[in-house]
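Here's the letter readout for the chains.
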Amino acid sequence: RRARDQNKIKPCSPRSRQRSREADVAGLCDEQSGVLVTYWKSVAAITALVGATSSARMYPDQAKQGAAMPYLVYTRSFGGQVYRHLAGTTGARQSIVHVYCYGATRAAADSLAEAVKAAMEDGFARHSWAGVWINSSVVDDATDDGVDDPTPGSDSKKYWSRLVLRIVHAEP
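What counts as what
- Residues numbered from 1 in each chain as written.
- Predicted model: local features only at pLDDT ≥ 70, side-chain atom pairs only at ≥ 80, totals over all residues.
- Heavy atoms only, no water.
- Core = buried A, V, L, I, M, F, W, Y, C linked by side-chain atoms within 4.5 Å.
- Buried < 20%, exposed > 50% of the residue type's maximum accessible area, 1.4 Å probe, protein only.
- Helix = DSSP H or I, 4+ residues; strand = E, 2+ residues; numbered from the N terminus.
- Contact = heavy atoms within 4.5 Å.
- Pairing = 2+ DSSP bridges.
- Phe/Tyr/Trp six-rings, centres within 6.5 Å; stacked < 30°, edge-to-face > 60°.

Asker: Describe the nonpolar core, listing the residues and the values that go with them.
Answerer: In this structure, Trp40, Val99, Val116 and Met120 are the most contacted members of the largest nonpolar core, which totals 29 residues. Contributing elements (two or more residues each) for this core: α3 (35-40), α4 (44-50), β2 (71-85), β3 (88-103), α5 (106-121), β5 (132-139) and β7 (158-170). Of all the elements, α5 adds the most residues to this core, at 6 residues. Leaving out residues up to four positions away in the same chain, Val116 has contacts with Trp40, Ile46, Leu72, Val99, Cys101 and Leu163. Ala67, Tyr71, Val73 and Tyr102 belong to the second largest nonpolar core, which has 7 residues in total.

Asker: Tell me what's going on with the pairing of β7, and back it up with residues and numbers.
Answerer: Direction of pairing for β5 relative to β7: antiparallel, over a ladder of 5 bridges. Within β7, the residue paired with Val138 across the bridge is Arg166. By the bridge criterion, 5 bridges tie strand β6 (residues 144-148) to β7 in an arrangement that is antiparallel. Across the sheet, Asp145 pairs through a bridge with Ser161, a residue of β7.

Asker: Any chance you could break down the packing of aromatic side chains for me, citing the residues and the numbers?
Answerer: Taken as a whole and assessed by the stated rule, the structure comprises 6 aromatic pairs. Relative to Tyr71, the ring of Tyr59 lies with its centre 5.9 Å away and its plane at 75 degrees, an arrangement referred to as edge-to-face. Here Tyr59, found in strand β1 (residues 58-60), pairs with Tyr71, found in strand β2; they are 12 residues apart in sequence, far enough to count as distant. Classification of Tyr59 by relative accessible area gives buried; the value is 7%. The class of Tyr71 is buried, set by a relative accessible area of 4%. Ring geometry for Tyr71 and Tyr102: centres 4.9 Å apart, planes at 25 degrees, overall stacked. Separated by 31 residues along the polypeptide, Tyr71 in strand β2 and Tyr102 in strand β3 bring together distant segments of the chain.

Put into structure tokens, the structure is as follows:
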């Protein structure tokens, strides 16, 4: 009985679950060394459009003011549902990330969105990126697009296309 009790999975405290969720976000969506940026910087079709170095135009949450187009902005929509089974957690988590691809024209925004979509569907899953194992990656079919009004004193509009990524990955 004692050996069996020692092998039981102990539930995490709410505080340690919060730290795990924060580590998940940093690992997946970190600006310079996160999983997504590391992978996107390895894909020629994406880097041809937004650059590949530390000055690549890939931004978490919002773009830098005056950023040259095209660029992409990624935001975490859902911080990671932990997969569970009868014995406890599986060690896998699903994160939902929205990717907004901006361009000076509708065609430029769509071109970047297609490059990101193709990259996420081909080669991202079943690999380790920036030390995080990616089990699967799905791009939702229901994407949308739009245009932002010009900033005051400017005539240039910003067109965008949004992708929704569902990424199942190992917990950090």
